[in-house]
Amino acid sequence: MKKNMRYLVPNDYMADPAVHVFDGKVYIYPSHDRESGIEENDNGDHFDMNDYHVFSTDDIMNGEIKDHGVVLAVKDIPWAGRQLWDCDVAYKNGKYYMYFPLKDQTDIFRIGVATSDKPYGPFVPEKDPIRGSYSIDPAILDDGDGNYYMYFGGLWGGQLQRYRDNKALESAKFEDDDKAAIPSRVVKLSDDMLQFAEEPKPIVILGEDGKPLTAGQNEKRFFEASWMHKYNGKYYFSYSTGDTHNLCYAVGDNPYGPFTYKGVILTPVVGWTTHHAIAEFKGKWYLFHHDCVPSNGKTWLRSLKVCELEYDKDGNIITIDGEG
Ligand code: FUB
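Residues numbered from 1 in each chain as written. Predicted model: local features only at pLDDT ≥ 70, side-chain atom pairs only at ≥ 80, totals over all residues. Heavy atoms only, no water.

Student: A description of the site of the ligand should follow, citing residues and the corresponding values.
Tutor: Around the ligand, the surrounding shell consists of Asp-16, Met-49, Trp-85, Asp-86, Ile-136, Asp-137, Glu-224, Thr-273, His-275, His-290 and Arg-302. Asp-16 places a side-chain nitrogen or oxygen 2.5 Å from an oxygen atom of the ligand. Contact between the ligand and His-275: an oxygen atom at 2.7 Å from a side-chain N or O atom of the residue. When each cavity is represented as a set of grid points, the ligand is found to reside in the second largest pocket. Among the residues making up the shell around the ligand, the classes are represented as three nonpolar, three polar and five charged. (Near = heavy atom within 4 Å. Polar contact = N/O pair within 3.5 Å; in protein donor to acceptor, adjacent residues only side chain to side chain. 1 Å grid on protein atoms, 1.4 Å probe; cavity = no way out; pocket = protein on both sides within 12 Å on 5 of 7 lines; lining within 4 Å. Sits in = over half its atoms within 2 Å of the grid points. Nonpolar A, V, L, I, M, F, W, Y, C, P; charged D, E, K, R; others polar.)

Spelled out as structure tokens, the structure:
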């Protein structure tokens, strides 16, 4: 379905939105793309971002999008190497927690936390990354019962293929096409929101045949960009299929899954990556995402977009045309 789309920050390059409603306002936490001159490669070195801005609005399709400025920068993070990729923010007991992936000084992605007493920062980083964290794209679910879960992971430049059972392999390993796909991970956060409360667990996505999606089903299987939202009591896990450029979703009955594959949310956009957030505001649902139309297809210079998202009467998401 074609949708009325809005570019949210037309004067800068922003990508990978995470979106939440805090204090009755919509807050958008994107990656901040920039031209660093680094050549494009499969490792994602050209995504060389070094700070975050926060944006807010009270009218998603037509209102002012307020820029709260730089809220966290690589230069302020004690353990930093390079590349601030997709972040997310959660609220608990009067504090806001920003979770961000960043390569450490040995070029390994870890996930860090920074805190603020305002949803619009600035955020103050902890001195070390989360113990036992790895890979990229943290997304947080506040389950409404006092429990918070982080979904994370990403293939290729996101380094997820270097891990099995939460341990680093001697060298990266992809799965054969007929084997279960490398999964995203889910982990409950500690009460103080600063560590994992348990070992991360794999997210199993079942196909129509009731079997886990395989690595060869690359138009459907997980690659990166986890997001979790709830609709009518069900858990909707959504993600990017990476090299096949779909945004897909799968539905389950609890935060850990298993989840059953349901379909495509957004067909491929202009640009290599596709990444999103889904949020409800004032009774309507929205898909926040990005594309590379304004930069004439430069994959590392992405622009934030939004459109409405609709469900059918059975709770299926109606597919949106990425080029629409
Ligand atoms: O922005 C860098 C990476 O590109 C993100 O972490 C991925 O999800 C992809 O959008």
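Student: I'd like to hear about the sheet that holds strand β14 (residues 185-188), residue by residue, with values.
Tutor: With antiparallel pairing, four strands are arranged side by side in an open sheet as β10-β11-β14-β15. Edge positions in the sheet fall to β10 (139-142) and β15 (201-202), since each has one partner strand and no second. Bridge count for β10 against strand β11 (residues 148-152) is four bridges, and the pairing is antiparallel. What sits directly across from Ile-140, in β11, is Met-150. (Pairing = 2+ DSSP bridges. Helix = DSSP H or I, 4+ residues; strand = E, 2+ residues; numbered from the N terminus.)

Student: Give a description of the environment of Arg-34 that names residues and reports values.
Tutor: Position of Arg-34 relative to the elements: it lies in the loop between β3 (25-32) and β4 (51-57). C-alpha separation for the pair Arg-34 and Trp-300, spaced 266 residues apart in sequence, amounts to 7.4 Å. Setting aside residues no more than four positions away along its own chain, Arg-34 makes contact with Asp-48, Met-49, Asn-50, Trp-300 and Leu-301. A distance of 2.7 Å separates the side chain of Arg-34 from the backbone oxygen of Asp-48, its partner in a polar contact. (Contact = heavy atoms within 4.5 Å.)

Student: Describe in detail the pattern of salt bridges, supporting the description with residues and values.
Tutor: Summed over the entire model, instances satisfying the criterion amount to 22 salt bridges. Here Asp-58 makes a salt bridge to Lys-25, at a shortest N to O gap of 3.6 Å. Of this pair, Asp-58 sits in the loop between β4 and β5 (66-73) while Lys-25 sits in strand β3, and the two are 33 residues apart along the sequence. Here Lys-230 ties to Asp-143 by a salt bridge, and the two come within 2.6 Å at their closest N and O atoms. With a gap of 87 residues between them, Lys-230 in strand β17 (residues 224-231) and Asp-143 in the loop between β10 and β11 connect regions that are remote in the sequence. Relative accessible area serves as the criterion here: at 31%, Lys-230 is assigned to the partly exposed category. Under the relative-accessibility criterion, Asp-143 is labelled buried at 10%. Here the residues in one salt-bridge network are Asp-45, Arg-82, Lys-103 and Asp-107, joined through shared partners. (Salt bridge = Lys/Arg side-chain N within 4 Å of Asp/Glu carboxyl O. Buried < 20%, exposed > 50% of the residue type's maximum accessible area, 1.4 Å probe, protein only.)

Student: I'd like a rundown of the side chain of His-46, residues and numbers included.
Tutor: Along the chain, the position of His-46 falls in the loop between β3 and β4. Judged by relative accessible area, which is 5%, His-46 ranks as buried. A distance of 3.4 Å separates the side chain of His-46 from the backbone nitrogen of Asn-41, its partner in a polar contact. Once residues lying within four places of it in the same chain are set aside, the contact partners of His-46 are Ser-36, Ile-38, Glu-39, Glu-40, Asn-41, Thr-299 and Trp-300.

Student: Kindly report on the pairing of β17, identifying the contributing residues and their values.
Tutor: Of all the eight residues making up β17, seven are buried; the element is thus mostly covered by neighbouring parts of the structure. With six bridges joining them, β17 and strand β18 (residues 234-240) adopt antiparallel strand pairing. In the sheet register, Glu-224 faces β18, and the bridge partner there is Ser-240. Taking the residues that link successive antiparallel strands as the turn, the β17-β18 hairpin has two residues, and the phi of Asn-232 there is positive, at about 50°.

Student: Go over the nonpolar core, please, and point to the residues and values.
Tutor: Within the largest apolar cluster, 57 residues are counted, with the highest numbers of intra-cluster contacts made by Tyr-29, Met-98, Phe-100, Phe-123, Phe-288 and Leu-309. Once residues within four sequence positions are removed from consideration, Phe-100 is found in contact with Tyr-52, Leu-72, Ile-77, Trp-79, Leu-84, Cys-87, Arg-110, Ile-111, Gly-112, Val-113, Ala-114 and Pro-138. Core analysis: the next-biggest nonpolar cluster, separate from the first, contains 37 residues, Tyr-149, Met-150, Tyr-151 and Met-228 among them. (Core = buried A, V, L, I, M, F, W, Y, C linked by side-chain atoms within 4.5 Å.)

All quantities given are derived from atomic positions and should not be read as evidence of function.
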